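Each chain, letter by letter, is given below.
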Amino acid sequence: MVSKAKAVRGSAQSIDYIMSDKELGDALILDSNGLAGANGNEMLSEMRFIQQSNTNCQNNCISIVLSPSDEKKFTTEELKKLTQDHLKNLGLDKNQYLATVHESTGQQHIHIFANRIDINGKALNDSNIHLKAHESANKLAKERGLKTAKEISEGKELSTKPTRERIFKSYEESKASAKTFEGFKTEMDKRGIQVIESRNNKGELQGLKFTDKKSLETFKASDIKKGVGVPDLAKSGITFSPTVKLTPPLAINVASIVKDLTIKIANQVFKQSRGMG
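Residues numbered from 1 in each chain as written. Predicted model: local features only at pLDDT ≥ 70, side-chain atom pairs only at ≥ 80, totals over all residues. Heavy atoms only, no water.

A.B. asks: Lay out the sheet that holds strand β6 (residues 193-199) in plain terms, naming residues and giving numbers.
C.D. replies: Here we have three strands laid out as an open sheet, ordered β6-β7-β8, and antiparallel in their pairing. With partners counted over all chains shown, the strands left at the sheet margins are β6 and β8 (218-220), one partner each. Along the sheet, successive strands turn relative to each other by an average axial angle of 30°, direction set aside. Summarising the sheet, β6 and strand β7 (residues 205-212) pair through seven bridges and their orientation is antiparallel. When the bridges of β7 are listed, I196 appears paired with K209. Contacts between helix α6 (residues 161-177) and the sheet are confined to β6, β7 and β8, with β7 contributing the most and set at about 120° to the helix. Helix-sheet contacts for helix α7 (residues 181-190) involve β6 and β7, and the interaxial angle to β6 is about 140°. (Pairing = 2+ DSSP bridges. Helix = DSSP H or I, 4+ residues; strand = E, 2+ residues; numbered from the N terminus. Axes fitted to C-alpha atoms, helices over the stretch in contact; angles between N-to-C directions. Contact = heavy atoms within 4.5 Å.)

A.B. asks: Before we move on, could you go through the pairing of β7 and cite the residues and values that matter?
C.D. replies: Counting buried positions along β7 yields six of eight residues, so the element is predominantly enclosed. Bridging between β7 and β8 involves three bridges; their strand directions are antiparallel. Bridge pairing links F210 to F219 in β8. Between β7 and β8, which pair antiparallel and follow one another directly, the connecting turn spans five residues, one of which, L216, has a positive phi of 65°. (Buried < 20%, exposed > 50% of the residue type's maximum accessible area, 1.4 Å probe, protein only.)

A.B. asks: Run through the sheet that holds strand β4 (residues 97-102), naming residues and quoting values.
C.D. replies: Strand order across the open sheet formed by five strands is β1-β3-β5-β4-β2, with antiparallel pairing between neighbours. Because the sheet does not close on itself, it has two edges, and the strands there are β1 (2-8) and β2 (28-33). With strand direction ignored, the average angle separating the axes of adjacent strands in the sheet is 15°. Sheet topology places β4 next to strand β5 (residues 109-115); six bridges connect them, and they run antiparallel. Counterpart to T100 in the pairing with β5 is H111. Packing of helix α4 (residues 129-144) onto the sheet brings it into contact with β1 and β3 (61-67), and relative to β1 it is tilted by some 150°.

See below:
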């Protein structure tokens, strides 16, 4: 069982999001407390009314995702009890909240949007809220004999090892065969691996992902093996077209690598020329 949580400013769109399960239509509402609204705007207004009693708190909502393991299909009542126990562990069970279930991804997971401010105007301490959510999820899993986040991660790592090894082999071969980033992507494609460019909202390249066309599994470069990624390609002599905009930190890193590589090659040429003389 895995859970993530963070303090947020909150918006009507955030509530509307958890009330919709994409192509499956309206999400199933598991539970709610202190809310009577029918949509994001109405529910947020109800929360804002309570939040007026504490104007010092800016990120006055808590966004939570709770993902049970895929060992079984959970009933609505089981999911509801999980939600209530999780909120109690986090100290949010008396606050306003809305909890829904999403299944469009193929795995049941619970979205919770809670008011961080209680009816007395007190704000929940959000210090290490992500760790508290993680600890609560582990506690809930152990109580129910389910897999913890660590066990899920270990199981996933073991089951995906052959695919990750296949991608790494293709990565090394493609890196050795190509001279440009476009050429590298072509070589990977020949080997059945699609290179996906991760970009920020400015359109700058910030990382890579790889999809194995055989298994349809996708991994971040760092999940394949430590060091795999754009800087490593640059170290291997792969050049990037000026049209490929990199994030500033990545651009500085690559520029430094290219500079060191150029100096290294120049020194080798100089030594060879002296030897020939």
